[in-house]
Amino acid sequence: MDAPSHFVFGLERRNGQRRLMHSLREGHRAPRERLSEMRVMTGKTATATLILLSFLLLGVLYCYQNYRVFVSFELNDSRPKDRAADFLPLSDEFHLEAEHLQYKQPSILQGRTDVVTVTPWLAPVVWDGTFDPVLLDSLYRPRNISVAITVFAVGKYIRFLEDFLQTAEQHFFVGFNVHVYVFTDRPNELPRVHMAAGRQVTVRSVPSSQRWQEISAHRMELIQTLIEELNNQKDYIFCLDVDSRFHGRWGTESLGRLVAVIHPGYYRNRRSQLPYERRQESRAFLAPEDGDFYYCGGAFGGRLQEVHLMAKTCRLNFEEDARGGIEAAWQEESHLNRYLWFNKPSKVLSPEYLWQDFKSREPEIHLIRFSGVVKNYAEIRPNA
């Protein structure tokens, strides 16, 4: 073969080899590219699936949160293990209708400016001049609500019962169904007080005690037991001190899921000065930086399920303290204040709703509705 032919054939042979090698390389590369593409598609599918699952989870959480009737602010394990009564269905609240009612147009530009009328958690603080009593009664009366009262007249405290009942007939939920439950160790000394239609008194016997602190401490247990026996036969319940009397209206403006009364002796004090239980060993303990208001142990209430849960929790915490040899500074009032720090009341009543007769009226107190009477504790308390 001459030189030119050898050159041409050699060139074609080398070109053919290059084409063969290129084809082999491309043949090996295609599966790798396809594998890479499959990985990308798989990643995109996994991302889409994760997004869909996230939306599904958010939907479930949204439905769950809307089913709950209230938010618990409890940050530790102070609640009882039995949590069956923690949550209430939304339908448990009354639907109030105002059809055909005539009343003065409300205003958001006028009203009380000398006091706070709403808490930081948006619960109303009830003062004179912040509500329309006729409108509220007209809204609640068609619901035919019933209200229970618990009052403890043990030992010499029986002497205050007649004045309590008589003034309650004049001012407490007048025109509504009211059932007063009197806990006493002296049932034969019960005073005779005329009760209007739809209102009655029931006596429940309790044992005497040599320590007024024990009488105070057992209140929560007895309230819990009463509510369990009532079995939702009443709509609301208020737990009030017997050594008190009514001076003015106490009515539908006070109704709420969980209702607390600001103590008249401490509402001007700073948080660190409030008489909470400060010993960390107690289940009623509140740190100096904790607490909203100091609430009365002599007046609180709300829906039966809510008050039952509060009474049960306070009782269990009190019993836990007793096992550790501790008695909170102000017995059930200390435990009540801790409970209300973690479980905010839905309505707060101003000191109008439990004033003290030995105190002069402050400028912001336009009306005293209920007050503790002046008394000699050394004479009426068994171990004062």
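Just above, that's the structure.
The rules behind these values
- Residues numbered from 1 in each chain as written.
- Predicted model: local features only at pLDDT ≥ 70, side-chain atom pairs only at ≥ 80, totals over all residues.
- Heavy atoms only, no water.
- Pairing = 2+ DSSP bridges.
- Helix = DSSP H or I, 4+ residues; strand = E, 2+ residues; numbered from the N terminus.
- Contact = heavy atoms within 4.5 Å.
- Axes fitted to C-alpha atoms, helices over the stretch in contact; angles between N-to-C directions.
- Buried < 20%, exposed > 50% of the residue type's maximum accessible area, 1.4 Å probe, protein only.
- Right-handed = clockwise from strand over helix to strand, strands pointing away.
- Parallel < 35°, antiparallel > 145°, perpendicular 65-115°, else oblique.
- Left-handed = near helix turned anticlockwise from the far one by under 90°.
- Salt bridge = Lys/Arg side-chain N within 4 Å of Asp/Glu carboxyl O.

Student: I tried to follow the sheet that holds strand 3 (residues 177–184) on my own but got confused; where do I start?
Tutor: Taken in spatial order, the eight strands of this open sheet run 1-9-7-8-5-2-3-4, and their pairing is mixed. The open sheet has two edge strands with one neighbour each: strand 1 (125–126) and strand 4 (199–205). The pairing of strand 3 with strand 4 spans seven bridges and is parallel. Residue pairing across strands places histidine 179 opposite glutamine 200, the latter belonging to strand 4. Lying over the sheet, helix 3 (residues 161–171) contacts strand 2 (146–153), strand 3, strand 4 and strand 5 (236–240), oriented at roughly 160° with respect to strand 2. Running at roughly 55° to strand 8 (residues 295–303), helix 6 (residues 331–342) makes contact with strand 7 (258–262) and strand 8 of the sheet.

Student: Help me out: how do you make sense of the pairing of strand 2 in this one?
Tutor: On any regular strand, side chains alternate: one points to one face of the sheet, the next to the other face. With eight of eight residues buried, strand 2 lies mostly within the body of the structure. Alternating positions in strand 2 separate into two faces, Ser146, Ala148, Thr150 and Phe152 on one and Val147, Ile149, Val151 and Ala153 on the other, with burial throughout. Pairing between strand 2 and strand 3: eight bridges, direction parallel. In the sheet register, phenylalanine 152 faces strand 3, and the bridge partner there is phenylalanine 183. Following the chain from strand 2 across helix 3 to the adjacent parallel strand 3, one finds a crossover that is right-handed. Summarising the sheet, strand 2 and strand 5 pair through four bridges and their orientation is parallel. Opposite isoleucine 149, over in strand 5, you have phenylalanine 238 as the bridge partner.

Student: Is there a simple way to think about the packing of helix 5 (residues 304–323) against helix 6 in this case?
Tutor: When two helices pack together, their arrangement is given by the angle between the helix axes and by the axis-to-axis distance. Packing of helix 5 against helix 6 brings their axes to within 9 Å, and their N-to-C directions diverge by 120°. Classed by the angle they form, the pair helix 5 and helix 6 counts as oblique. By crossing handedness, the relation of helix 5 to helix 6 is classed as right-handed. For the pair formed by helix 5 and helix 6, the contact residues are Leu309, Met310, Thr313, Cys314, Asn317, Phe318 and Asp321 on the first element and Gln331, His335, Leu336, Tyr339 and Leu340 on the second.

Student: Would you explain the sheet that holds strand 11 (residues 370–372) in this entry?
Tutor: Adjacent strands of a sheet pair through backbone hydrogen bonds, lying either parallel or antiparallel. Pairing is mixed in the open sheet, where three strands are placed in the order 6-11-10. The sheet is open, and its two edges are formed by strand 6 (244–246) and strand 10 (355–356), each paired on a single side. In the sheet, strand 10 pairs with strand 11 via two bridges, with the strands oriented parallel. For tryptophan 355, the partnering residue across the bridge sits in strand 11 and is serine 371. On the sheet, helix 3 packs against strand 6 and strand 11 and is oriented at approximately 25° with respect to strand 6.

Student: I tried to follow the pattern of salt bridges on my own but got confused; where do I start?
Tutor: Here the idea is simple: oppositely charged side chains can pair when their charged atoms come close. Going through the model one piece at a time under the given rule, you end up with 19 salt bridges. Between arginine 219 and glutamate 332 there is a salt bridge whose closest N-O contact spans 2.8 Å. Residue arginine 219 is found in helix 4 (residues 212–230), and its partner glutamate 332 is found in helix 6; the two are separated by 113 residues along the sequence. For the pair arginine 219 and glutamate 332, a shared accessibility class is recorded, and that class is buried. For glutamate 306, the salt bridge goes to arginine 257, with nearest N and O atoms at 3.2 Å. Of the two residues, glutamate 306 is situated in helix 5 and arginine 257 in the loop between strand 6 and strand 7; the sequence distance between them amounts to 49 residues. Taken as a pair, glutamate 306 and arginine 257 share a single burial class, namely buried. A single salt-bridge network, built from bridges that share partners, covers Asp128, Glu352 and Arg369.

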